Structure formats: C-alpha cells, structure tokens
Amino acid sequence: QVQLVESGGGLVQAGGSLRLSCAPSERTFSSNRMGWFRQAPGKGREFVAAISWIDSRTYYFDSVKGRFTISRDNAKNTVYLQMNSLKPEDTAVYYCAARSRSADDYDYWGQGTQVTVSL
C-alpha cells in the first residue's frame, strides 16, 4: 500500500514561513492531483490547496490565496506547500492527499504534520 510521507511542519511565529513536503513511498506512484488539507482542533477538515499533475493547474482556499503556494517537482514526485505570512488561525494538522487516476476523489492520505503558529 502506497503511503504519502509528509515533512516540514513545526512551530513558527506569526508572520513567519514554513514549507511542507509530501512524497509517495513508492516512486512509481502516479496520480491526477495532489493536495493539502488541514484540520484545526475542534474543527472539520478543510481544503487548503491542490495541484494537477496533468496540467499543473493550482487551486487554493480563499483564506490562503496570496500567502500559500503549492508546487511540484516531477523528478522527485514531490509536492510542496510554501506557507508565508502565517497566522495563528493557520494552526492545524496538515494532511497531504492524492487522487489516483482511477478515483473520483482523494483516496490516499498522509499521516499529517503539525503546524503551530504563535503570536
């Protein structure tokens, strides 16, 4: 079973930056789209950003537009989420997800990485 491995979370002050990375455990894994979701304490999971492997089109949640950037490295089969101008309300567990070519929705998920933004 392919796993998505995330890294890059941590503690940062408001206004700071972090970069999250996500790569599948098998280099041959391919998907149509990969994305990031987050879940804050006591809240439901919400979409953050996604990128298409087909045409590199990107999608963002309104509250992160202009601050977060999703990108990919084809050679490394890795997706990144560059997070700038972080706010305390960005504090959450961030999950990487992938939608395989045979799926209609995200069907692979990472374990999650904690991002904490302090005042």
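This text goes with the structure placed above it.
Residues numbered from 1 in each chain as written. Predicted model: local features only at pLDDT ≥ 70, side-chain atom pairs only at ≥ 80, totals over all residues. Heavy atoms only, no water.

**Q** Any chance you could explain the environment of Trp109 here in plain terms?
**A** Residue position: Trp109 is located in strand E10 (residues 108-109). The partly exposed category is assigned to Trp109, whose relative accessible area is 30%. Linking Trp109 and Glu6, residues 103 residues apart in sequence, is a C-alpha distance of 9.8 Å. When residues no more than four places from it in sequence are discounted, the contact partners of Trp109 are Leu4, Phe37, Arg45, Tyr95, Cys96 and Ala97. (Helix = DSSP H or I, 4+ residues; strand = E, 2+ residues; numbered from the N terminus. Buried < 20%, exposed > 50% of the residue type's maximum accessible area, 1.4 Å probe, protein only. Contact = heavy atoms within 4.5 Å.)

**Q** Would you take a moment to explain the sheet that holds strand E7 (residues 68-73) for this structure?
**A** Strand pairs in the sheet, formed through backbone hydrogen bonds, run parallel or antiparallel to each other. Read from one edge to the other, the open sheet built from four strands follows the order E1-E3-E8-E7, with strand pairing classed as antiparallel. Taken across any chain shown, the strands that pair with only one partner, and hence form the sheet edges, are strand E1 (4-7) and E7. Strand-to-strand twist of the sheet, defined as the mean angle between neighbouring strand axes without regard to direction, takes the value 15°. Both strand E3 (residues 18-24) and strand E8 (residues 78-83) contribute to a ladder of five bridges, which runs antiparallel. Bridged to Cys22 within E8 is Val79. (Pairing = 2+ DSSP bridges. Axes fitted to C-alpha atoms, helices over the stretch in contact; angles between N-to-C directions.)

**Q** Explain the packing of aromatic side chains here, please?
**A** One pair of aromatic rings is described through two measures. These are the centre distance and the angle between the planes. Inspection of the entire model under this criterion finds five aromatic pairs. A ring pair is formed by Phe29 and Tyr108, whose centres lie 4.9 Å apart and whose planes are at 70°; its orientation type is edge-to-face. You can see Phe29 sitting in the loop between E3 and strand E4 (31-39) and its partner Tyr108 sitting in strand E10, a full 79 residues away along the chain. Positioned above the aromatic ring of Phe37 is the side chain of Arg45, whose terminal nitrogen or guanidinium carbon lies 5.9 Å from the ring centre. The ring of Trp109 has Arg45 lying over it, and the distance from NZ or CZ to the ring centre is 3.9 Å. (Phe/Tyr/Trp six-rings, centres within 6.5 Å; stacked < 30°, edge-to-face > 60°. Lys NZ or Arg CZ within 6 Å of the ring centre and 35° of its normal.)

**Q** Help me out: how do you make sense of the pattern of salt bridges in this one?
**A** Opposite charge on two side chains allows them to pair when their charged atoms are near. One pass over the structure, following the stated rule, counts four salt bridges. Two residues, Asp90 and Arg38, come together in a salt bridge whose shortest N-O distance is 3.0 Å. Separated by 52 residues along the polypeptide, Asp90 in the loop between E8 and strand E9 (92-100) and Arg38 in strand E4 bring together distant segments of the chain. Accessibility assignment for this pair places Asp90 and Arg38 in one class, buried. Among the salt bridges present, the one from Lys65 reaches Asp62, with a minimum N-O distance of 3.1 Å. With relative accessibility at 58%, the residue Asp62 sits in the exposed group. Here the residues in one salt-bridge network are Arg38, Glu46, Arg67 and Asp90, joined through shared partners. (Salt bridge = Lys/Arg side-chain N within 4 Å of Asp/Glu carboxyl O.)

**Q** Explain the environment of Glu26 here, please?
**A** Within the secondary structure, Glu26 sits in the loop between E3 and E4. Along the backbone, Glu26 and Ala75 are 49 residues apart, and their C-alpha atoms lie at a distance of 13 Å. Apart from the residues within four sequence positions on either side, Glu26 is in contact with Val2 and Asn77.

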